[in-house]
Amino acid sequence: MNEQDDTTFYITTPIYYVTAAPSIGNAYTTVAADMLARWHRQRGESTWFLTGTDEHGQKVLEAASEHGASPQEWTDKLVAEEWQPVLDVVDISNDDFIRTTEKRHTDRVREFWQTLYDNGHVYQGTYEGPYCVACEEFKLPAELLPDPAGDAAVKLCPIHERPVQQLSESNYFFRLSAFGDRLLELYDRRPDFVGPTSARNEVVAFVKQGLQDLSVTRSTFDWGIGVPWDESHVLYVWIDALLNYVTAAGYGTEPDRFERLWPAVHLVGKDIVRFHAVIWPAMLMAAEVEVPQQVFAHGWLQVGGQKMSKSKATAIHPSEIVDTFGSDAYRYYFLRTIAFGSDGSFSWEHLEAVYTSELANGLGNLASRVTAMVARYFDGTLPPAGALGAGEEGLVSALADTAATADAAVERLALNEAIGAVEGFVGVVNGYISEQQPWQVAKTENRDRLATILYVAAESLRAVAVLHAAVMPRTAAALWDSLGAEAGLGALADQRLAAVGEWGQLPAGSRLTKGASLFPRLAATEPGS
Ligand code: MSP
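Cut-offs and rules
- Residues numbered from 1 in each chain as written.
- Predicted model: local features only at pLDDT ≥ 70, side-chain atom pairs only at ≥ 80, totals over all residues.
- Heavy atoms only, no water.
- Helix = DSSP H or I, 4+ residues; strand = E, 2+ residues; numbered from the N terminus.
- Rg over C-alpha atoms; globule rule 2.2 N^0.38 Å.
- Buried < 20%, exposed > 50% of the residue type's maximum accessible area, 1.4 Å probe, protein only.
- Contact = heavy atoms within 4.5 Å.
- Pairing = 2+ DSSP bridges.
- Core = buried A, V, L, I, M, F, W, Y, C linked by side-chain atoms within 4.5 Å.
- Expected span 1.5 Å × (residues − 1).
- Arc of directions from axis to C-beta.
- Phe/Tyr/Trp six-rings, centres within 6.5 Å; stacked < 30°, edge-to-face > 60°.
- Lys NZ or Arg CZ within 6 Å of the ring centre and 35° of its normal.
- Disulfide = S-S within 2.5 Å.
- Near = heavy atom within 4 Å.
- Polar contact = N/O pair within 3.5 Å; in protein donor to acceptor, adjacent residues only side chain to side chain.
- Areas by Shrake-Rupley, 256 points an atom, 1.4 Å probe, with all protein chains shown as cover.
- Salt bridge = Lys/Arg side-chain N within 4 Å of Asp/Glu carboxyl O.

Tallying secondary structure elements over the protein chain gives 20 helices and 19 strands in all. Computed over its C-alpha atoms, the radius of gyration of the protein chain comes to 26 Å, within 12% of the 24 Å expected for a compact globule of 529 residues. With respect to the three principal axes, the spread of C-alpha positions in the protein chain is 90 × 50 × 40 Å. Evaluated residue by residue, the protein chain yields a buried proportion of 56% over its 529 residues.

Cis geometry marks the peptide bond from G195 to P196; its omega dihedral reads -10 degrees. Looking at the secondary structure, you find P196 in the loop between β10 (194–195) and α7 (197–208). Cis rather than trans, the peptide bond between W262 and P263 has omega equal to 10 degrees. Following the sequence through the fold, P263 ends up in the loop between α10 (255–261) and β15 (265–269). Within the chain, D379 stands out as a residue other than glycine whose phi angle is a positive 50 degrees.

As a further point, take the side chain of E392. Locating E392 in the fold gives a position in helix α15 (residues 390–411). Residues within four places of E392 in sequence aside, it is in contact with Y432, Q436, R449, T452 and V456.

Strands sit in the order β12-β14-β13 across an open sheet of three strands; the sheet is antiparallel. Each edge of the open sheet carries a strand with a single partner, namely β12 (217–218) and β13 (226–227). For β13 and strand β14 (residues 230–235), the ladder comprises two bridges, and the chain directions are antiparallel. Each bridged residue has a counterpart across the sheet, and for G226 the counterpart in β14 is V234.

Our next topic: the pairing of strand β4 (residues 96–99). A two-sided burial pattern is seen for β4, the buried positions comprising D96 and I98 on one face and F97 and R99 on the other. Two strands pair when backbone bridges link them, and strand β3 (residues 47–54) and β4 are joined in this way by four bridges, in the parallel orientation. Note on β4: the bridge partner recorded for L50 is D96.

Counting 180 residues, the largest nonpolar core has M35, W113, F174, W262, M283 and F334 as its most contacted members. By size, the runner-up hydrophobic cluster in this structure holds six residues, among which are C132, A134, L144 and V164.

Take helix α3 (residues 71–83) next. Look at α3: only 15 Å from first C-alpha to last across 13 residues, short of the 18 Å you get at 1.5 Å a residue. The complete set of buried residues in α3 reads P71, W74, T75, L78, V79 and W83. Burial along α3 is one-sided: seen end-on, the buried residues are contained in an arc of 120 degrees.

A few words now on helix α11 (residues 273–286). Here α11 spans 19 Å end to end across 14 residues, near enough to the 20 Å set by a 1.5 Å rise per residue. Of all 14 residues making up α11, 13 are buried, and the element is well covered by its neighbours. Following α11 by one or two positions, E288 adopts a phi angle in the positive range, close to 60 degrees.

The next point concerns the packing of aromatic side chains. With the rule as written, the count across this model stands at 30 aromatic pairs. For the ring pair F296 and F340, a centre distance of 5.5 Å and an interplane angle of 5 degrees mean the geometry is stacked. Placement of F296 in strand β16 (residues 294–298) and of F340 in the loop between α13 (327–337) and β19 (344–345) is noted, with a sequence separation of 44 residues between them. We classify F296 as buried; its relative accessible area is 6%. Given the relative accessible area of 9%, F340 is considered buried. By way of ring pairs, the aromatic residues Y10, F112, W113, F174, F179, Y245, Y251, F258, W262 and W280 are connected into one cluster. The positively charged end of R218 is found above the aromatic ring belonging to Y131, 4.6 Å away from the centroid. A cation over an aromatic ring shows up here: R257 above the ring of W48, its NZ or CZ 5.4 Å from the ring centre.

Throughout the structure, instances matching the rule amount to zero disulfides. Between C132, a free cysteine, and C157, which holds the nearest cysteine sulfur, the sulfur-to-sulfur gap is 3.7 Å.

What follows is about the environment of F9. Of note, F9 is situated in strand β1 (residues 9–12). The buried category is assigned to F9, whose relative accessible area is 12%. Each C-alpha atom of the pair F9 and D448 lies 46 Å from the other, and the pair is 439 residues apart in sequence. Dropping the residues within four chain positions of it, F9 is found in contact with L36, H40, E45, S46, T47, W48 and V265.

In the vicinity of the ligand lie 23 residues, with I15, T29, D54, G269 and L301 positioned nearest. Contacts to the ligand include Y17, whose backbone N or O atom sits 3.0 Å from an oxygen atom. Between the ligand and D271 there is a distance of 3.5 Å, counted from an oxygen atom to a side-chain nitrogen or oxygen. In the complex, the protein chains occlude 95% of the 670 Å² of accessible area that the ligand would expose alone.

A separate point is the pattern of salt bridges. Applying the stated criterion across every chain yields a total of 28 salt bridges. In this structure, R189 and E185 form a salt bridge, with 2.9 Å as the shortest nitrogen-oxygen distance. One end of the pair is R189 and the other is E185, both in helix α6 (residues 180–189) and four residues apart, which spans about a single turn. Here R336 makes a salt bridge to E358, at a shortest N to O gap of 2.9 Å. Taken together, the positions of R336 in helix α13 and E358 in helix α14 (residues 348–378) put the pair 22 residues apart, joining distant regions of the chain.

Inspection of the sheet shows β12 paired to β14 by two bridges, in the antiparallel sense. Looking across to β14, one finds that T217 is bridged to L235. Adjacent in sequence and paired antiparallel, β13 and β14 are bridged by two residues.

Turning our eyes to something else, we now look at the sheet that holds strand β5 (residues 122–132). Read across the open sheet, the four strands follow the order β6-β5-β9-β11; overall the sheet is antiparallel. At either margin of the open sheet sits one strand with a lone partner, and together these are β6 (137–138) and β11 (214–215). Bridge analysis of β5 against strand β9 (residues 165–174) gives 10 bridges, and the strand direction is antiparallel. Considered in β9, the bridge of G125 is made with N171.

Given below as structure tokens:
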């Protein structure tokens, strides 16, 4: 087991706007962060996983009024009925859930901005320019799209392809422009600060153009955290929301805890990388707080070649998939088939194909074959292995390689590669069984050989349970159970990734049972219907 030091692997998701129910796009980030949190716990590292909801701003206010509710009523209802329950739907192991309407957040945010104001980082001015409510972002005129109908007065947000508003507001500004050089120096000194490379390049180019000061207050509506030195303004939603990562970690109230947790790794969609890699570190620099450990931007889930989004009514709720395929297959599908950092498209046909080939016919079939044969030929008691031949030695080294490859891939946040390595190993074990044909060996007198083949297969499954626990926690637990592994090895959660590749851990004598199928055949109905 790793020595636990005073630092913690602290991983966050963006906090989500409470405008509607969650989509598989939002759940994608949360599931990825969950896999990372579980992986680090399985390494024996102290880990903290934060997610939550972003509840202020114009967009949430508009959603609430469209439904005839006050924003507080609206967010209370949606958080309780949708955003917290969805975490169970996709089996999320978060340690905390922050809402930006909580006092633990709002008090600290006011203190933070008061300090920046007192220290001369904020001044009063007027914002004249475009604003996209869907992004909650002040836009640069040069990045807008022309109106398809040719109206020169209308410009569209490039992400939402909806008209931007022209604002003219007396606001307070943060001197963001003063931080350009320090930010460029940060990206230079820490090349992994922003990932992947495409996101890093975008951020560096953006900062090199020269930064403009940022409007940090709004004065035309009041749904937000009041500006402490001028209560006729509320804080701009983004500079309130970004602070969730520190307010939830004890910033300003629990210095020891904050010291232990901070800095964090932030997973974000590529649409919000500038907020996290430019504005956020600049805010922290102004407050003399350490910048994040890393900002990693993943791609978009697309439908018909476009970003899936609630505003375009292309969003799918995670339950629509989980109800048919289960939460583990859901998690596996999105994390395994999309290169983490690139866009990916979702289709029911592809999901069904992956489920059938890799899960039902792959891992599910392997587990049921092995447990059934141990039951049939050895009354469910795992026999000891005899001498290992070339086939077995091949598996032993394939496992060691798989464990090393998967861990190194997770370290680079190549989650899909880590899962792919384990899937490849499952394929190798299935191939080994097909080649060795233990059902034929069972017809001979060679009990020793039969014992060796089945021990080797079961021991391989022991490692697969540990390696897949972060992505498919339920399946891994069911597999651990059906291998009878707990009696000899202890709880699945206590198995360390550093040792997973060491051969021969599952004790002979373990009691195997053929549990329910890990991935039941799909009913012949149309998925999603
Ligand atoms: N509230 C801000 C984030 C504040 S963080 C301090 C926000 N919220 S959001 O509800 O719009 O969620 C954005 C995040 O949801 C994206 O960054 C991404 O992580 C995830 N996704 C939403 N739609 C998505 C896709 N279609 N595809 C992949 N991820 C998507 O922005």
